[in-house]
There are 2 protein chains.
Amino acid sequence: MTTSPGRLYGLGIGPGDPELLTLKAHRILTSVPVIAYPISERGKSIVRAIVAEFIPDHCIELPLQFPFSIDRSSQPDYDLAAEQISQQLISGKDVAVLCEGEPMLYGTFMYLFDRLSGKFTIEIVPGISSITASAAMLGVPMTYRNDILTIIPATLDEETLRDRLTITDAAVIIKLGRHFTKVRTILTELDLLNRAHYIERSTQPQQKIIPISKVDPAAVPYWSLIVISNKNRVVSP
Amino acid sequence: MTTSPGRLYGLGIGPGDPELLTLKAHRILTSVPVIAYPISERGKSIVRAIVAEFIPDHCIELPLQFPFSIDRSSQPDYDLAAEQISQQLISGKDVAVLCEGEPMLYGTFMYLFDRLSGKFTIEIVPGISSITASAAMLGVPMTYRNDILTIIPATLDEETLRDRLTITDAAVIIKLGRHFTKVRTILTELDLLNRAHYIERSTQPQQKIIPISKVDPAAVPYWSLIVISNKNRVVSP
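Residues numbered from 1 in each chain as written. Chains lettered and ligands numbered in written order. Predicted model: local features only at pLDDT ≥ 70, side-chain atom pairs only at ≥ 80, totals over all residues. Heavy atoms only, no water.

## Some details on the overall build of chain A
Secondary structure assignment for chain A yields 7 helices and 10 strands. For 237 residues, the compact-globule estimate of 2.2 N^0.38 gives 18 Å, and the C-alpha radius of gyration of chain A, at 20 Å, lies within 12% of that figure. Along the three orthogonal principal directions, the C-alpha set of chain A runs to about 70 × 40 × 35 Å. Within the span of chain A, comprising 237 residues, buried residues form 58% of the whole. Summarising the internal contacts of chain A: among those between residues at least 6 apart in sequence, 71% fall at separations of at least 24. With an accessible surface of roughly 10200 Å², chain A has 50% of that area assigned to carbon and sulfur atoms. (Helix = DSSP H or I, 4+ residues; strand = E, 2+ residues; numbered from the N terminus. Rg over C-alpha atoms; globule rule 2.2 N^0.38 Å. Buried < 20%, exposed > 50% of the residue type's maximum accessible area, 1.4 Å probe, protein only. Contact = heavy atoms within 4.5 Å. Areas by Shrake-Rupley, 256 points an atom, 1.4 Å probe, with all protein chains shown as cover.)

## Observations regarding the sheet that holds strand S4 (residues 95-99) of chain A
Whether parallel or antiparallel, the strands of a sheet pair through hydrogen bonds between backbone atoms. Residues and elements named next belong to chain A. The sheet built from 5 strands is open, its strands ordered S3-S2-S4-S1-S5 with parallel pairing. Two strands close off the open sheet at either side, each with one partner strand: strand S3 (60-65) and strand S5 (122-125). The sheet shows a mean angle of 25 degrees between the axes of neighbouring strands, direction not considered. Relative to S4, strand S1 (residues 8-12) runs parallel, the two sharing 5 bridges. (Pairing = 2+ DSSP bridges. Axes fitted to C-alpha atoms, helices over the stretch in contact; angles between N-to-C directions.)

## So, the packing of aromatic side chains
Scanning the model with the defined rule gives 10 aromatic pairs over all chains in all. Summarising the aromatic geometry, the rings of B:Phe180 and B:Tyr198 are spaced 5.9 Å apart at their centres and angled 85 degrees between planes, so their arrangement reads as edge-to-face. In this pair, B:Phe180 is assigned in helix H7 (residues 180-189) and B:Tyr198 in strand S8 (residues 196-200), connecting sequence segments 18 residues apart. An aromatic cluster is defined as three or more aromatic residues linked by ring pairs; in this entry it consists of A:Tyr78, A:Tyr111 and B:Tyr144. (Phe/Tyr/Trp six-rings, centres within 6.5 Å; stacked < 30°, edge-to-face > 60°.)

## Quick notes on the sheet that holds strand S1 (residues 8-12) of chain B
Residues and elements named next belong to chain B. Across the sheet, 5 strands lie side by side as S3-S2-S4-S1-S5; this open sheet has parallel pairing. Two strands lie at the open edges of the sheet, namely strand S3 (60-65) and strand S5 (122-125), each paired on one side alone. Within this sheet the neighbouring strands show an average axis-to-axis angle of 25 degrees, counted without direction. On top of the sheet, helix H4 (residues 109-116) reaches S1, S3, strand S4 (95-99) and S5; it is set at about 160 degrees to S5, its chief contact.

## Here's the deal with the interface of chain B and chain A
At the junction of the two partners, chain B supplies 61 residues and chain A supplies 60 residues. Summed over both sides, the interface of chain B with chain A buries roughly 5200 Å², with 60% coming from carbon and sulfur. Contact with chain A buries area across many residues of chain B, yet B:Glu19, B:Leu23 and B:Arg145 alone supply 14% of it, more than any other trio. Notably, a salt bridge pairs B:Glu19 with A:Arg27, separated by 2.5 Å at the nearest N-O pair. Connecting chain B to chain A are 24 residue pairs in polar contact (both at pLDDT 80 or more). Mapped onto the side of chain B that touches chain A, the elements with two or more residues apiece are helix H1 (23-29), H4, S5, helix H5 (130-138), strand S6 (149-153) and helix H6 (158-167) of chain B. Residue composition of the side of chain B that touches chain A, by class: 33 nonpolar, 14 polar and 14 charged. Of the strand pairs in this sheet, strand S6 (residues 149-153) of chain A and S6(B) are connected by 3 bridges, and their pairing is antiparallel. (Buried area = accessible area lost by both parts, 1.4 Å probe. Salt bridge = Lys/Arg side-chain N within 4 Å of Asp/Glu carboxyl O. Polar contact = N/O pair within 3.5 Å; in protein donor to acceptor, adjacent residues only side chain to side chain. Nonpolar A, V, L, I, M, F, W, Y, C, P; charged D, E, K, R; others polar.)

## Digging into the nonpolar core
Counting 80 residues, the largest nonpolar core has A:Ile85, A:Leu112, A:Val172, B:Ile85, B:Leu112 and B:Val172 as its most contacted members. Within the second largest apolar cluster, 44 residues are counted, among which are A:Ile28, A:Val51, A:Ile55 and B:Ile35. (Core = buried A, V, L, I, M, F, W, Y, C linked by side-chain atoms within 4.5 Å.)

## Points about the domain arrangement of chain A
Residue and element names in this part refer to chain A. Taken domain by domain, chain A consists of domain 1 (8-125) and domain 2 (130-228). Of note, the centres of domain 1 and domain 2, computed from C-alpha atoms alone, are 28 Å apart. Between domain 1 and domain 2, the contact holds 7 residues from the first and 12 residues from the second. For the domain 1 and domain 2 pair, buried surface summed over both sides reaches about 740 Å², with 67% attributable to carbon and sulfur atoms. Taken together, the links from domain 1 to domain 2 amount to 0 salt bridges. Our count for the domain 1 to domain 2 interface comes out at 3 residue pairs in polar contact (both at pLDDT 80 or more). For the side of domain 1 that touches domain 2, the residue count by class is 5 nonpolar, 1 polar and 1 charged. (Domains from an automatic or database assignment.)

## A closer look at the confidence of the model for chain A
Averaged over every residue, the pLDDT of chain A is 92; residues scoring 70 or more account for 94%. Under the prediction, the complex receives an ipTM of 0.93, its pTM being 0.94. (pLDDT = per-residue confidence, 0-100.)

## Description of the environment of B:Ile50
All names here are of chain B. Relative to the elements of secondary structure, Ile50 occurs in helix H2 (residues 46-50). Once the C-alpha coordinates of Ile50 and Lys93 are considered, the two residues, 43 residues apart in sequence, prove to be 24 Å apart. The contact partners of Ile50, leaving out residues within four places of it in the chain, are Ile13, Gly16, Pro18 and Glu100.

Spelled out as structure tokens, the structure:
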């Protein structure tokens, strides 16, 4: 007798507030036999901590160690993680990989998806991205009618940042971290400071909203971001 | 004795699957005394239909009639809707405005937000945008590491569409509707057809995923979209 392989879920967990889990992600998380999630070198998992209260006691946990800052797409760590997940799936168990935010947007899950797609049934459960959640927390409407929105990592070079910010209607600059000063200089040059809104750890208990001029460049976390509100915004009389 | 004014919620309802409501939106929707939502000229509300099963019997409902295709930001209809909501808030009742997808991204709620912000306490509850949900449904990873994502309405002119699609790493072209043929021609010119994925009514029971070459331009709904997958995508061996 052969066992049918299990199903793989890429489970969007949202930006940090456990109440921003979807009903669907909550249902799967509380019923799936195996969960997997990335852990840091010290063994900590941010995404597991977000949903800790929902994880059933009898659940099998598969912590996955990924490198952070090198070229991830070719890493043997991802091959190993994919192999660990495969073994559970082959044994007939469904596996949910916990993904911060939205699985298909700057997510580590995509490297597993690329390795396991076509071999197993995969279902992606969309989650709330910290990118859109930040606009909500800041109370900044982003795009009206025919506006273009550009999502741009602060890690890019100055020329690219300047060019793209010049032509877009609204933008979200992500992955600020140690690139904050470079970004602030560009925003000043482009006269965008009055439309720029800074937030860190969006929707989490430690969330901070700070005026750009008051931000300490030495204390900017990697996953902080700046929302550039819409240049066409018409505030009603 | 005076009554404290109620709180206004901009409630992100997600792209269409009722299970993609967040736990938070579900809690507020099932406990708030007044809900408001846009209706069409024929009196129908798409967003109300998505969450119909969760609306309590004793809830006061405030249907709001908005124009669809003219310059919305200056419309007296929005002034009227804001006034109707204000009256409920002033009477001390909390009001939740149901918003398809994410309230701050191409949402009609933003026109109410602009009118009521500063006058009442407003809380935005982020929702899953059909833009990110579509990538999940299509199984298309969008952005890795330092990639730029551009969200661009198909309603724009050919030159703008061509320019922005040329320089971005990944894109989502929204509001296709009657602009489908124009967009397909541009994608052909730019040799992007092999990275272009079409979807309509994402996460809804009538969801359709169709190869671009098989799409009937005469039958493309307004809220269909094309995800252009990442040009830097490295599929593992």
